[in-house]
Amino acid sequence: MREHRSLRIGVAGPVGTGKSSIIGQLCTRLGDRLALGVVTNDIYTDEDARLLRSAGVLAPERIRAVETGACPHTAIRDDISQNLLAVEDLEYDFAPLDVVLVESGGDNLTATFSPALVDTQLFVLDVAGGGDVARKGGPGITGADLLVLNKTDLARHVDVDLAQMVADAEAVRSGGPVLALSRTDRQSVDALAGWVLGQLRAFRAGELVPHDPGPMAAHAHPHTPA
């Protein structure tokens, strides 16, 4: 029954965008209010899980690692069995859990979670990766329940117009929620924690319906005069 199952939140995005850091910040912010668990994904290692354990953001046994041995999207979308077992094991071992955060291995802009694995998902971009990335779209950017533009404190160092990047992201997402985030900006981290709490309230009320962002984003090829 739903009351015995956690809210499962997927965290996806390219390599180096700060997915593990975001999970660590959420555990720090919410760990005294909620019972949390984490599942990380790497292709050949358990590096992200070891990073989070060493940071002390949760009890080490509440952080599980999945070594996918394949492209990251395979384990979060095409064959979710490894991750689903890891999540269910956490829920069994530490019942009742409020939230399990599932971190995808670093992937490209098409990475999305199967709705059979997570109830809601966020996608992470790194501002330092370029101000044009958000408007390039892709299912991760356009279809995630929340788009996070991470490391906003670096924007001025890499000549990124943050306001324009946020506007581009909101446009490509047709007004869907976009959060500009920096670990040095408490207000933005609190906003992310607030989003998680809102998703949890909706889940417990039976109002959160997982959707499938799909493997393809809506796109067009505008005519370019010769």
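As shown above, the structure is provided for reference.
Residues numbered from 1 in each chain as written. Predicted model: local features only at pLDDT ≥ 70, side-chain atom pairs only at ≥ 80, totals over all residues. Heavy atoms only, no water.

K.L.:
Teacher, can you tell me more about the overall build of the chain here?
P.N.:
The number of helices and strands found in the chain is 7 helices and 7 strands. N-terminal to C-terminal, the α/β element order of the chain is β-α-β-α-β-α-α-β-β-α-β-α-β-α. Relative to the compact-globule value of 17 Å for 226 residues, the chain shows a C-alpha radius of gyration of 17 Å, a close match. For the C-alpha atoms alone, the extent of the chain along its principal axes is close to 60 × 40 × 35 Å. Within the chain, buried positions represent 51% of all 226 residues. Contacts in the chain between residues at least 24 apart in sequence constitute 77% of all its contacts with a sequence separation of at least 6. Accessible surface, the chain as shown: approximately 10600 Å² in total, 52% of it carbon and sulfur. Mean positive and mean negative side-chain charge positions of the chain (20 and 30 charges, respectively) differ by 4 Å. (Helix = DSSP H or I, 4+ residues; strand = E, 2+ residues; numbered from the N terminus. Rg over C-alpha atoms; globule rule 2.2 N^0.38 Å. Buried < 20%, exposed > 50% of the residue type's maximum accessible area, 1.4 Å probe, protein only. Contact = heavy atoms within 4.5 Å. Areas by Shrake-Rupley, 256 points an atom, 1.4 Å probe, with all protein chains shown as cover. Lys, Arg positive; Asp, Glu negative; His and termini not counted. Charge placed at Lys NZ, Arg CZ, Asp CG, Glu CD.)

K.L.:
Teacher, can you tell me more about the pairing of strand E2 (residues 36-42) here?
P.N.:
Remember that side chains alternate between the two faces of the sheet whenever the strand is regular. Here E2 lies mainly inside the structure; 7 of its 7 residues are buried. Of the two faces of E2, both are covered, the one formed by Leu36, Val38, Thr40 and Asp42 as well as the one formed by Gly37, Val39 and Asn41. Bridging between E2 and strand E4 (residues 99-103) involves 5 bridges; their strand directions are parallel. Across the sheet, Val39 pairs through a bridge with Val102, a residue of E4. Two strands pair when backbone bridges link them, and E2 and strand E3 (residues 63-67) are joined in this way by 5 bridges, in the parallel orientation. Across the sheet, Asn41 pairs through a bridge with Val66, a residue of E3. Read as a crossover between parallel neighbours, the route from E2 over helix H2 (residues 47-55) to E3 is right-handed. (Pairing = 2+ DSSP bridges. Right-handed = clockwise from strand over helix to strand, strands pointing away.)

K.L.:
What is the right way to look at the layout of surface pockets in this model?
P.N.:
Remark: the empty space left among the atoms is shown by a probe the size of a water molecule rolled over them. By volume, the largest pocket is sized at about 210 Å³. Lining of the largest pocket is provided by Ser20, Ser21, Gly24, Gln25, Thr28, Arg29, Leu51, Leu52, Ala55, Val57, Arg183 and Val189. If you list the elements that add at least two residues to the lining of the largest pocket, you get helix H1 (19-30) and H2. Those elements that place two or more of their residues in the lining of the second largest pocket are H1 and E2. (1 Å grid on protein atoms, 1.4 Å probe; cavity = no way out; pocket = protein on both sides within 12 Å on 5 of 7 lines; lining within 4 Å. Points joined across faces, edges and corners; volume = space filled by probe spheres on them.)

K.L.:
Before we go on, may I ask you to explain the packing of H1 against H2 in this structure?
P.N.:
Two numbers describe a pair of packed helices, the interaxial angle and the distance between the axes. Close contact between H1 and H2 brings their axes to 10 Å; oriented N to C, the two are set at 35°. You can see that H1 and H2 cross each other, and the crossing is right-handed. Here H1 contributes Ser20, Ile23 and Gly24 to the contact with H2, which in turn contributes Asp48, Leu51 and Leu52. (Axes fitted to C-alpha atoms, helices over the stretch in contact; angles between N-to-C directions. Left-handed = near helix turned anticlockwise from the far one by under 90°.)

K.L.:
Any chance you could explain the environment of Ala86 here in plain terms?
P.N.:
Mapped onto the elements, Ala86 comes out in helix H4 (residues 81-93). In this structure Ala86 comes out as buried when scored by relative accessible area, which is 11%. With residues up to four places along the chain from it excluded, the contact list for Ala86 reads Val39 and Val66.

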